[in-house]
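# What the coordinates show
Spelled out, the chains give:
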Amino acid sequence: MIVPLMEAVADTCGGKAGALGALLRAGLPVPDGFVVSFAAYRAAVRDLDLGRSGGESDDLAAARQVIEVRPVDATVIDALGRALAELGDPPVAVRSSAANEDTGQTSAAGQHESFLAVHGVGEVAGAVRACWASLFSPRAVDYRGASGRDDHPCDDLVMAVIVQRHLDAEVSGVMFTPADPDDATEIEASWGLGPSVVGGTVTPDAYRVAGDGSVTRTVADKRTRLDRRGTQLIIRDVPSRVREQPTIDDATATQLAKLGKEIAAVLGGPQDIEWAIVDGRTWVLQARPVTAAPPPPASPSSASDTPAATLTGTPGSHGTVTGTARIVRGPGDFARVQPGDILVCPFTDPAWTPLLRIAAGVVTETGGVLSHAAIVAREHAIPAVLGIPNATSRLHDDTVITVDGTTGTVTAANA
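Report follows, based on the coordinates. (Residues numbered from 1 in each chain as written. Predicted model: local features only at pLDDT ≥ 70, side-chain atom pairs only at ≥ 80, totals over all residues. Heavy atoms only, no water.)

## Side note on the side chain of Ser-134
Mapped onto the fold, Ser-134 is located in the loop between helix H5 (121-133) and helix H6 (138-146). Not counting residues up to four positions away in its chain, the partners in contact with Ser-134 are Gln-111, His-112, Glu-113, Ala-140 and Met-159. (Helix = DSSP H or I, 4+ residues; strand = E, 2+ residues; numbered from the N terminus. Contact = heavy atoms within 4.5 Å.)

## Re the nonpolar core
One finds Leu-5, Val-94, Val-124, Trp-132, Ile-187, Ile-248 and Trp-275 to be the most contacted residues of the largest nonpolar core, which totals 68 residues. Examining the composition of this core, we find that 7 residues originate from one element, H5, more than from any other. Filtering out sequence-adjacent residues up to four positions away, Val-124 remains in contact with Leu-80, Leu-84, Val-92, Val-94, Val-118 and Val-163. Val-174, Phe-176, Val-337 and Trp-352 belong to the second-largest nonpolar core, a separate cluster that totals 23 residues. (Core = buried A, V, L, I, M, F, W, Y, C linked by side-chain atoms within 4.5 Å. Buried < 20%, exposed > 50% of the residue type's maximum accessible area, 1.4 Å probe, protein only.)

## Points about the sheet that holds strand E17 (residues 342-345)
Two strands in a sheet stick together by hydrogen bonds in their backbones, pointing the same way (parallel) or opposite ways (antiparallel). Sheet architecture is open: 8 strands sit in the order E14-E21-E20-E16-E17-E18-E19-E15, paired in mixed fashion. Each edge of the open sheet is held by one strand with a lone partner, namely strand E14 (311-312) and strand E15 (314-317). Pairing analysis gives 3 bridges linking strand E16 (residues 320-327) to E17, with the strands arranged parallel. Directly across from Arg-326, in E17, lies its bridge partner Leu-343. Strand contacts of helix H12 (residues 372-379): E15 and strand E19 (384-386), with the helix running at about 50 degrees to E15, the strand carrying the most contacts. (Pairing = 2+ DSSP bridges. Axes fitted to C-alpha atoms, helices over the stretch in contact; angles between N-to-C directions.)

## Here we look at the packing of aromatic side chains
Inspection of the entire model under this criterion finds 1 aromatic pair. For the cation-ring pair, Arg-281 lies above Trp-283, with the distance from its terminal atom to the ring centre recorded as 4.1 Å. (Phe/Tyr/Trp six-rings, centres within 6.5 Å; stacked < 30°, edge-to-face > 60°. Lys NZ or Arg CZ within 6 Å of the ring centre and 35° of its normal.)

## A look at the sheet that holds strand E5 (residues 159-165)
The 5 strands are arranged E1-E2-E5-E3-E4 in an open sheet whose pairing can be described as antiparallel. Edge positions in the sheet fall to strand E1 (2-4) and strand E4 (114-118), since each has one partner strand and no second. For this sheet, the mean angle separating the axes of adjacent strands, direction not counted, is 25 degrees. Pairing of strand E3 (residues 92-98) with E5 involves 7 bridges; the strand directions are antiparallel. The residue bridging Ser-97 from the neighbouring strand is Ala-160, located in E5. Contacting E1, strand E2 (33-36), E3 and E5, helix H4 (residues 74-87) runs over the sheet at an angle of about 165 degrees to E2. Where H5 meets the sheet, it contacts E2, E3, E4 and E5, and its direction lies at approximately 25 degrees from that of E3.

## Looking at the pairing of strand E6 (residues 171-176)
Most of E6 is tucked away: 6 of the 6 residues are buried. Because side chains alternate across E6, one face comprises the buried residues Val-171, Gly-173 and Met-175, and the other comprises Ser-172, Val-174 and Phe-176, equally buried. Taken together, the 6 bridges between E6 and strand E7 (residues 185-191) define a ladder with antiparallel strand orientation. The residue of E7 that forms the bridge with Phe-176 is Glu-186. For E6 and strand E12 (residues 271-278), the ladder comprises 6 bridges, and the chain directions are antiparallel. Bridged to Val-174 within E12 is Glu-274.

## Observations regarding H4
Here H4 is 14 residues long and its end C-alpha atoms lie 20 Å apart, about the 20 Å a rise of 1.5 Å per residue gives. Backbone geometry just after H4 places Gly-88 at a positive phi near 95 degrees. (Expected span 1.5 Å × (residues − 1).)

## Here's the deal with helix H1 (residues 10-25)
Between the first and last C-alpha of H1 there are merely 14 Å, a value that for 16 residues lags more than 12% behind the 22 Å anticipated at 1.5 Å per step. In the structure, H1 departs most strongly from a straight axis at Lys-16, where the bend amounts to approximately 90 degrees. Taken together, the buried positions of H1 are Cys-13, Gly-14, Gly-15, Lys-16, Ala-17, Gly-18, Ala-19, Leu-20, Gly-21, Leu-23 and Leu-24. (Bend = angle between axes of the 7 residues up to and from the residue.)

## Concerning the packing of H4 against H5
Working note: a packed helix pair is described by the angle between its axes plus the distance between those axes. Here H4 crosses H5 at 120 degrees, and the two axes come no closer than 10 Å. Considering their axes alone, H4 and H5 lie oblique with respect to each other. The crossing of H4 and H5 is right-handed. Contact with H4, carried on its side by Ile-77, Leu-80, Gly-81 and Leu-84, involves Val-121, Val-124 and Ala-125 of H5 and no other residues of that element. Here the residues of the contact of H4 with H5 are counted per class, giving 6 nonpolar, 1 polar and no charged. (Parallel < 35°, antiparallel > 145°, perpendicular 65-115°, else oblique. Left-handed = near helix turned anticlockwise from the far one by under 90°. Nonpolar A, V, L, I, M, F, W, Y, C, P; charged D, E, K, R; others polar.)

## Brief notes about the packing of H1 against helix H9 (residues 250-267)
In the contact formed by H1 and H9, the axes pass within 10 Å of each other and the chain directions differ by 110 degrees. On the basis of the axis angle, H1 is roughly perpendicular to H9. For the element pair H1 and H9, the recorded crossing hand is right-handed. Only Ile-263, Val-266 and Leu-267 of H9 make contact with H1, whose side of the interface consists of Ala-19, Ala-22 and Leu-23. Classifying every residue of the contact of H1 with H9 gives 6 nonpolar, no polar and no charged.

## Some points on the environment of Arg-378
Mapped onto the elements, Arg-378 comes out in helix H12. Judged by its relative accessible area of 8%, Arg-378 falls in the buried class. Residues Arg-378 and Gly-405, 27 residues apart in the sequence, show an inter-C-alpha distance of 9.9 Å. Those residues in contact with Arg-378 that lie beyond four places of it in its chain are Phe-176, Ala-292, Ala-293, Pro-294, Pro-295, Gly-316, Ser-317 and Val-369.

What follows is the structure, given as structure tokens:
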């Protein structure tokens, strides 16, 4: 039931764990850990008859509720305790690795649960159970439906769980390696732990490392950071003197791009990679196939041609759409969103995924092109513009706006 991460393969441990196992076997810098394999999940849900549920939402919700309250089997807890002791019982990250997660067809970006700063066998067991249950969360079910993965929803619906040493990152981020080795590697970086970048709650620094090794960068105003304090995650204000300092230098960006090429070579294609820097050392936290490449940055000439009333942000997902702006500041506003509306929001997190299935476009105040929301927008083929400061107050509910996700512009109809 417990597999060392070094030995993990996708068939028994899911796509995310299988990729990390391959990288470890290739000698690349992945934190120590182990995997609670598919076998443990199957044993935990054996009596739930998921294969006969047909994927009905009520059945899946009931399955989630049963898993969430059912005690983890004593044999699994014993195995977890032994595996954690072998690691030295440090704080750990507990992350999902489902059968259809991190594949070349579907990323499932942010759709299942992950936990950082977990300590002790009891807390780890609870996090494993929550990862299992997240297979049946509304956002995961909706994502599978939108991506056509629910025709036979329970036949191959299984969840492994990765448990790895937690890293207290000084800087972290995401990197997309190019399909053509001569093209640029895209890197986003911010202070602290990675969920700020992948979750879109900060606008990160952006780096492009060209095929010839030259580096271009856009330094953002990074106002908050996520860090661990004991077993808690805390959001802190970034001191004003370092908000607009670059998180990494050009040499580090070049080294990251080199590491990205090695990862792509091991895994056989362009990769979406989460990374972290601790005490000057770079670690790989995740690598999955790129399902939808971001648009190239808007050229300075095209930006200078835009009307003064046009808002400009980061191109997040290709295409142009005109529709009704819907200001959405949180889940309390979800019911107001109608099919064809354009979401205008501070940021989106994975719980917002069902909205991306009905929205015609997305505009955010923070976030980068490699965040979960931007990836899912590209997979759904809806235009997205990211990182427009104060967009929820500069644009107005029920007005008609045009979003160009290729140039990164948003224009109101009366502009």
